[in-house]
Amino acid sequence: MTSATTAGLTQRPRLATVWLDGCSGCHMSLLDLDARLFELVSLCDVVYGPLVDTKRVPEEIDLTLVEGAVSSDHDWHLVIELRARSKLLVAFGDCAVTGNVPSMRNVVPLSAIYQRVFPAAAAIGGDCPTVGVPRLLDRVLPVHQVVSVDLFLPGCPPAAEAIYQVLLDVLAQRAPEPLKLTRFGA
Amino acid sequence: MTSPTRVVTLRIDDREVSAREDETILQVARDNEIFIPTLCCLEGLSTWGACRLCLVEVSGSNKLLAACATRVAQDLEVKTNTPRILAYRRTILELLFSERNHVCSVCVANGECELQNLAQRCGVDHIRVSYRYPELSLDLSNDLFRLDPNRCILCTRCVRVCDEIEGAHTWDVMGRGIDCQVITDLKAPWGESKSCTSCGKCVHVCPTGALSQRGTAIAEVHHHRDFLPYLTQMRGERD
């Protein structure tokens, strides 16, 4: 538990969520808060992420939940931008915390993956597509290897109950204890 | 005639406890419900002392000692939860996670893994060192069981149970340092092993998902470790 997680939030905290290289299961688990979502939005504004329409990262964010590992140049730039604009950044779920399933590609070279996934392009000596799609990083990274992380919320996905408790604690500026609620692979 | 075993008193975390002089610090701590994490240690097998998770501070020694391999003594002062010990425990667990490819969410032992459980209990919420991502292939040559070295922590429980309890000594260790791995026979595929009796004891003592029954999927492995103390006790009575 870092002192950063109890850093002063604004009167009406602004919550962002982002979906990097993951399956969106953590966002699904967030939606599993069900009726408690009303309670959540009574405590904060959701200003960015898959759950809202905004396409631009807002200038000022209190709390960002990062789902997914950092796998492409798009993920890399986005997480750096979010970090710069967020008071608190949470690694949300196992992919963000450990790399999890996306990082399983790290045991083989990226070139071998391209040849398997784009065999036609590989056969004629073509490169992997990079126009309109982000370039993959050589290695998938957990979020804390790219930017500083204030709080780790493991789980695949973290249960709605764990998300709820941790968010309530953070918004009330109490020190959350995620490992009492969830673990790797939970 | 052997002299009777003496009883000694010592202090663990400022609690006065009594013990037989032939007991280890770990045994006495567990008898008194004082938590010391372990991975290589398993009741019924010989002491290995390799995982280092049970390190404790002991009066009169400026080195940390493995509780599983250190006998109690009269007036010993043992500390199991100093900041130094807690930091070492966490680091050891993180290094284990970084060394191989432990992906809990898709592991056959998810929910029944001693490494996963200890991570949660010892405050490992992320791994501070870089992961190594070694390329390790599974041994699926055995009809009944499989070896996934990605999940192996080299505790050698399989090696010891195979040698000491089953008497087959199919399992052993090869390579040094980061290249160390458990092997069957002289690194023959498990399915071609002449010595393996297919008893399955190694699978049941495995703390992680490294050894599992064929046909089990994610989170479907169930270990039955209780057979081991029972077996050794019954054999002792027979002798």
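Each residue is numbered by its place in its chain's sequence as written, counting from 1. Here chains are named by letter from A upward and ligands by number from 1 upward, in the order in which they appear as written. The model is predicted, so local features are restricted to residues of pLDDT at least 70 and side-chain atom pairs to those at 80 or more, both for listing and for counting; the totals for chains, interfaces and linings are taken over all residues.

Undergrad: Even after reading the chapter, I still don't get the nonpolar core, so can you show me in this structure?
TA: Soluble globular proteins: nonpolar side chains tend toward being buried together. Only buried residues count toward a nonpolar core: Ala, Val, Leu, Ile, Met, Phe, Trp, Tyr and Cys, linked into one set through C-beta atoms within 7 Å. Residues are called buried when their C-beta atom has 20 or more other C-beta atoms within 10 Å, exposed when it has 12 or fewer, and partly exposed otherwise; all C-beta atoms are positioned from the backbone. In terms of nonpolar packing, the biggest core is built from 64 residues, with C54, A67, C158 and C202 of chain B touching the most fellow members. Excluding residues within four positions of it along the chain, C202 of chain B makes contact with C158, V161, C162, W171 and L211 of chain B. In this structure, A16, L20, V143 and V149 of chain A belong to the second largest nonpolar core, which totals 38 residues. Note on contacts: residues are paired as contacts if their backbone-placed C-beta atoms lie within 7 Å.

Undergrad: Looking at this model, I keep getting lost on the interface of chain A and chain B. Mind explaining?
TA: Buried accessible area, meaning the area lost when the parts come together, often serves as the stated size of an interface. Chain A puts 21 residues into the contact, and the matching count from chain B is 17 residues. Polarity classes work like this: nonpolar for Ala, Val, Leu, Ile, Met, Phe, Trp, Tyr, Cys and Pro, charged for Asp, Glu, Lys and Arg, and polar for all others, with Gly in that last group. Broken down by class, the residue content of the side of chain A that touches chain B amounts to 13 nonpolar, six polar and two charged.

Undergrad: Would you explain the domain arrangement of chain B in this entry?
TA: Residue and element names in this part refer to chain B. For each domain, the first and last residues come from an automatic or database assignment. Taken domain by domain, chain B holds domain 1 (7-81) and domain 2 (103-228). Distance between the C-alpha centres of domain 1 and domain 2: 26 Å. Counting residues at the interface gives eleven residues for domain 1 and 15 residues for domain 2.

Undergrad: Looking at this structure, I do not really get the environment of F152 of chain A. What am I missing?
TA: Residues and elements named next belong to chain A. Each helix is a run of H or I in the DSSP string that is no shorter than four residues. Each strand is a run of E no shorter than two, and both are numbered from the N terminus. Relative to the helices and strands, F152 is located in strand β7 (residues 151-153). Judged by the 23 C-beta atoms lying within 10 Å of it, F152 falls in the buried class. Along the chain, F152 and V90 lie 62 residues apart, while their C-alpha atoms are 5.8 Å from each other.

Undergrad: I'm lost on the sheet that holds β7 of chain A in this one. Help?
TA: The strands that make up a sheet are held in pairs by hydrogen bonds between backbone atoms, and each pair lies either parallel or antiparallel. Residue and element names in this part refer to chain A. If you walk across this open sheet you meet the five strands as β2-β1-β3-β5-β7, and the pairing is parallel. The open sheet has two free edges, formed respectively by β2 (45-48) and β7, since each of these has just one partner strand. Taken pair by pair, the neighbouring strands of this sheet meet at an average axis angle of 30 degrees, ignoring direction. Contacting β1 (14-19), β3 (61-67) and β5 (86-92), helix α3 (residues 73-85) runs over the sheet at an angle of about 135 degrees to β5. Two strands pair under a simple rule: DSSP has to find at least two bridges between them. Note on method: axes are straight lines fitted to C-alpha atoms, helices fitted across the in-contact stretch only, with angles between N-to-C directions ranging 0 to 180 degrees.

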